[in-house]
Amino acid sequence: EADIYQTPRYLVIGTGKKITLECSQTMGHDKMYWYQQDPGMELHLIHYSYGVNSTEKGDLSSESTVSRIRTEHFPLTLESARPSHTSQYLCASSTPGQGAEAFFGQGTRLTVV
Amino acid sequence: DQQVKQNSPSLSVQEGRISILNCDYTNSMFDYFLWYKKYPAEGPTFLISISSIKDKNEDGRFTVFLNKSAKHLSLHIVPSQPGDSAVYFCAASRGLAGNTPLVFGKGTRLSVIA
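Now for a description of the structure that goes with this document. (Residues numbered from 1 in each chain as written. Chains lettered and ligands numbered in written order. Predicted model: local features only at pLDDT ≥ 70, side-chain atom pairs only at ≥ 80, totals over all residues. Heavy atoms only, no water.)

1. Regarding the environment of Leu11 of chain B
All names here are of chain B.
- In this fold, Leu11 is placed in strand E2 (residues 10-14).
- Expressed as a C-alpha distance, the spacing of Leu11 and Ser111, which sit 100 residues apart in the sequence, is 6.2 Å.
- Apart from residues lying up to four places away in sequence, Leu11 is in contact with Ile20, Leu21, Thr108, Arg109, Leu110 and Ser111. (Helix = DSSP H or I, 4+ residues; strand = E, 2+ residues; numbered from the N terminus. Contact = heavy atoms within 4.5 Å.)

Written as structure tokens, this is what we have:
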């Protein structure tokens, strides 16, 4: 059973606000990921981390930033939210080694008005 | 350029019949493939996986087939149940080389009709 948690589940916020989406996992996984997904579209990788103090940008250009100060915590921050940031944000983690599947949190549905 | 393609946005199947979901990939470096199931407003949940050293993997009602020469994989669900109605995502990685991030297709929405 996967233990990865995202808060909030839903967020409606005004343009220009700073927001942080939280993601925590209790499985001790080194690898963590943030994906963005719109209806009918693929999950796009926006950030990932292979361990503490390690972060990389994914394939999809994003104005968000991430940090990895603790193994279990991988928050995503938008300094100034815009309507184009409206989407579902999915956090995931995986074990090291060959062929390990990623476990996903329940996601945060962000709406910027 | 999409590296993982699911060309059928939707599929409807009668309860009890077989559901076949297809996926194609273009990157020959991919060696590990997964299927995820997703309900609206939820995160994807892992269903089944297969590595490039196999051509079939079975888990209960779910079977994944891999055709490396055609760069094609498929998920078979038999018998299909109404609770299987969801969006199914195909994903790929260079998993055997050390677990690179998953690359996803656009998903296929399966509707199982009672």
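Next comes the rest of the account.
2. Here's the deal with the side chain of His76 of chain B
All names here are of chain B.
- When you line up the elements, His76 lands in strand E8 (residues 72-77).
- A distance of 3.4 Å separates a polar atom in the side chain of His76 from a polar atom in the side chain of Ser74.
- Beyond its immediate chain neighbours, meaning those up to four positions away, His76 contacts Ile18, Ser19, Ile20, Arg61, Phe62, Thr63 and Phe65. (Polar contact = N/O pair within 3.5 Å; in protein donor to acceptor, adjacent residues only side chain to side chain.)

3. Focus: the interface of chain A and chain B
- Of the residues lining the interface, 26 residues belong to chain A; the matching set on chain B comes to 21 residues.
- Where chain A abuts chain B, roughly 1900 Å² becomes buried across the two surfaces, and 52% of that area is made up of carbon and sulfur atoms.
- Where chain A meets chain B, there are one salt bridge.
- For Arg9 of chain A, the salt bridge is made with Glu42 of chain B, and the minimal N-O distance between the two is 3.6 Å.
- Our count for the contact surface shared by chain A and chain B stands at seven residue pairs in polar contact (both at pLDDT 80 or more).
- Elements that contribute at least two residues to the side of chain A that touches chain B include exactly strand E4 (31-37), strand E5 (44-51) and strand E9 (87-94) of chain A. (Buried area = accessible area lost by both parts, 1.4 Å probe. Salt bridge = Lys/Arg side-chain N within 4 Å of Asp/Glu carboxyl O.)

4. Section: the state of the cysteines
- Tallying each qualifying case throughout the model produces two disulfides over all chains.
- The disulfide partner of Cys23 of chain A is Cys91 of chain A, and the gap between their sulfur atoms is 1.9 Å. On the S-S bond that ties Cys23 of chain A to Cys91 of chain A, the torsion sits near -75 degrees, and the link is left-handed. Of this pair, Cys23 of chain A sits in strand E3 (residues 19-25) while Cys91 of chain A sits in strand E9, and the two are 68 residues apart along the sequence.
- A residue is classified by how much of its surface remains accessible, and Cys23 of chain A, at 0% relative accessible area, is buried.
- Disulfide partner of Cys23 of chain B: Cys90 of chain B, at an S-S distance of 2.1 Å. Since a negative S-S torsion denotes a left-handed disulfide, the Cys23 of chain B-Cys90 of chain B link at about -75 degrees is left-handed. Here Cys23 of chain B is found in strand E3 (residues 19-25), whereas its partner Cys90 of chain B is found in strand E9 (residues 86-93), with 67 residues between them in sequence.
- Its relative accessible area of 0% is what places Cys23 of chain B among the buried residues.
- We classify Cys90 of chain B as buried; its relative accessible area is 0%. (Disulfide = S-S within 2.5 Å. Buried < 20%, exposed > 50% of the residue type's maximum accessible area, 1.4 Å probe, protein only.)

5. Description of the sheet that holds strand E8 (residues 76-78) of chain A
Residues and elements named next belong to chain A.
- Strand order in this open sheet of four strands is E1-E3-E8-E7, and the pairing throughout is antiparallel. With partners counted over all chains shown, the strands left at the sheet margins are strand E1 (4-7) and strand E7 (65-66), one partner each.
- When E1 meets E3, the two strands line up antiparallel, connected through four bridges. Considered in E3, the bridge of Thr7 is made with Glu22. (Pairing = 2+ DSSP bridges.)

Don't take any of this as a statement about function, it's just geometry.
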